[in-house]
Amino acid sequence: MEGGQLLIVWHSRTGTAEALARAVADGAGERAQMLHCSQVGPEELIAAAGYLFTCPENLASMTGAMKEMFDRCYYPVLGRIEGRPYTSVIAAGSDGEGAQRQLDRIATGWRLRKAMDGWIVITHAQSAEEILAQKTVPQATLERARGIGQALAEGIALGIY
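Notes on the structure in this doc start here.

Conventions used here
Residues numbered from 1 in each chain as written. Predicted model: local features only at pLDDT ≥ 70, side-chain atom pairs only at ≥ 80, totals over all residues. Heavy atoms only, no water. Helix = DSSP H or I, 4+ residues; strand = E, 2+ residues; numbered from the N terminus. Buried < 20%, exposed > 50% of the residue type's maximum accessible area, 1.4 Å probe, protein only. Contact = heavy atoms within 4.5 Å. Polar contact = N/O pair within 3.5 Å; in protein donor to acceptor, adjacent residues only side chain to side chain. Pairing = 2+ DSSP bridges. Core = buried A, V, L, I, M, F, W, Y, C linked by side-chain atoms within 4.5 Å. Salt bridge = Lys/Arg side-chain N within 4 Å of Asp/Glu carboxyl O. Expected span 1.5 Å × (residues − 1). Axes fitted to C-alpha atoms, helices over the stretch in contact; angles between N-to-C directions. Parallel < 35°, antiparallel > 145°, perpendicular 65-115°, else oblique. Nonpolar A, V, L, I, M, F, W, Y, C, P; charged D, E, K, R; others polar.

This part is about the environment of R13. With respect to the secondary-structure elements, R13 resides in the loop between β1 (6-10) and α1 (16-28). Relative accessible area serves as the criterion here: at 51%, R13 is assigned to the exposed category. Spatially, the C-alpha atoms of R13 and C55 are 8.5 Å apart, while their sequence positions differ by 42 residues. R13 has contacts with P56, N58, T63 and Q134, leaving out every residue within four places of it along the chain. Only 2.8 Å separates the side chain of R13 from the side chain of N58, close enough to count as a polar contact.

Rendered as structure tokens:
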């Protein structure tokens, strides 16, 4: 899989996870393919050389749409993507650890290799209005996401991951 593409799988409710996924894709450039989780099937996972999963944490777990992608694809790719690198970006109001643990457990089952620690982006949204509102991601946060995309895509291209 050396030199292959980074697949960025995303789901977003209020814009944060989507903005982060787009920034990662910008950083990875032409070596990235960004797909909404509803568009990802076993074929896309098998074709990719590495993965970045990004979604919000809702009620201490990843969003249902992202979990559904894993449910749909888990067994068809089991034993077919072992050893490939992955990382994640979780958007959360205050914690994010539940979604991160859930995602890491699934990746462990697939025998993926963690290329870099997952990143939890805290929005500090606490009230119902803040949680449901569309978010604007600070430029410094987007720059860090671009750096993650660049590093992950470069590492895959060079065979480091």
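Within a regular beta strand, the side chains point alternately toward one face of the sheet and then the other, so they alternate between its two faces. Within strand β3 (residues 50-58), eight of the nine residues are buried, leaving the element largely enclosed by the surrounding structure. By the bridge criterion, two bridges tie β3 to strand β4 (residues 61-62) in an arrangement that is antiparallel. By the bridge assignment, N58 is partnered in β4 with S61. Two successive antiparallel strands, β3 and β4, enclose a turn made up of two residues, where L59 displays a positive phi of approximately 55 degrees.

So, on to the nonpolar core. Grouped together as the largest cluster of nonpolar side chains are 28 residues, with contacts concentrated most on L45, Y51, F53, M66, M69, F70 and W110. Looking at this core, the elements with two or more residues in it are β1, β3, α3 (64-77), β5 (85-92) and α4 (97-110). The biggest single contributor to this core is α3, with six residues. Setting aside chain neighbours within four positions, we find W110 in contact with L45, F53, F70, C73, Y74, V77, L78, I81 and E82. Counting 23 residues, the second largest nonpolar core, distinct from the first, contains A25, A49, I148 and L152.

As a further point, take unusual backbone geometry. Phi at L59 takes a positive value of approximately 55 degrees, unusual for a residue other than glycine. When you line up the elements, L59 lands in the loop between β3 and β4. At H124, a position not held by glycine, the phi torsion is positive, near 65 degrees. Tracing the backbone shows H124 in the loop between β7 (119-122) and α5 (128-132).

Looking now at the pattern of salt bridges. Enumeration over the complete set of coordinates arrives at six salt bridges. Here D71 ties to K67 by a salt bridge, and the two come within 2.6 Å at their closest N and O atoms. Of the two residues, D71 and K67 are both situated in helix α3; the distance of four residues between them amounts to about one turn of the helix. Overall, the relative accessible area of 46% leaves D71 in the partly exposed class. As a salt-bridge pair, R72 and E68 come within 3.1 Å of each other at their nearest N and O atoms. Placement of both R72 and E68 in helix α3 is noted, with a separation of four residues, approximately one turn of the helix. Residue classification places E68 among the partly exposed residues on the basis of a relative accessible area of 39%.

A separate point is α1. Taking 1.5 Å per residue, 13 residues should reach 18 Å; α1 reaches 18 Å between its end C-alpha atoms and fits that length. If you check which residues of α1 are buried, you get T16, A17, L20, A21, A23, V24, A25, G27 and A28. G29 sits one or two positions beyond α1 and adopts a positive phi of about 65 degrees.

Attention now goes to the packing of α3 against α4. In helix packing, the relevant descriptors are the interaxial angle and the interaxial distance, both defined with respect to the helix axes. Where α3 contacts α4, the axes come no closer than 11 Å and their chain directions differ by 10 degrees. As far as their axial angle goes, α4 and α3 are roughly parallel. Judged by residue contacts, K67, F70, C73, Y74 and V77 of α3 engage Q102, L103, I106, G109 and W110 from α4. Classifying every residue of the contact of α3 with α4 by side-chain character gives seven nonpolar, two polar and one charged.

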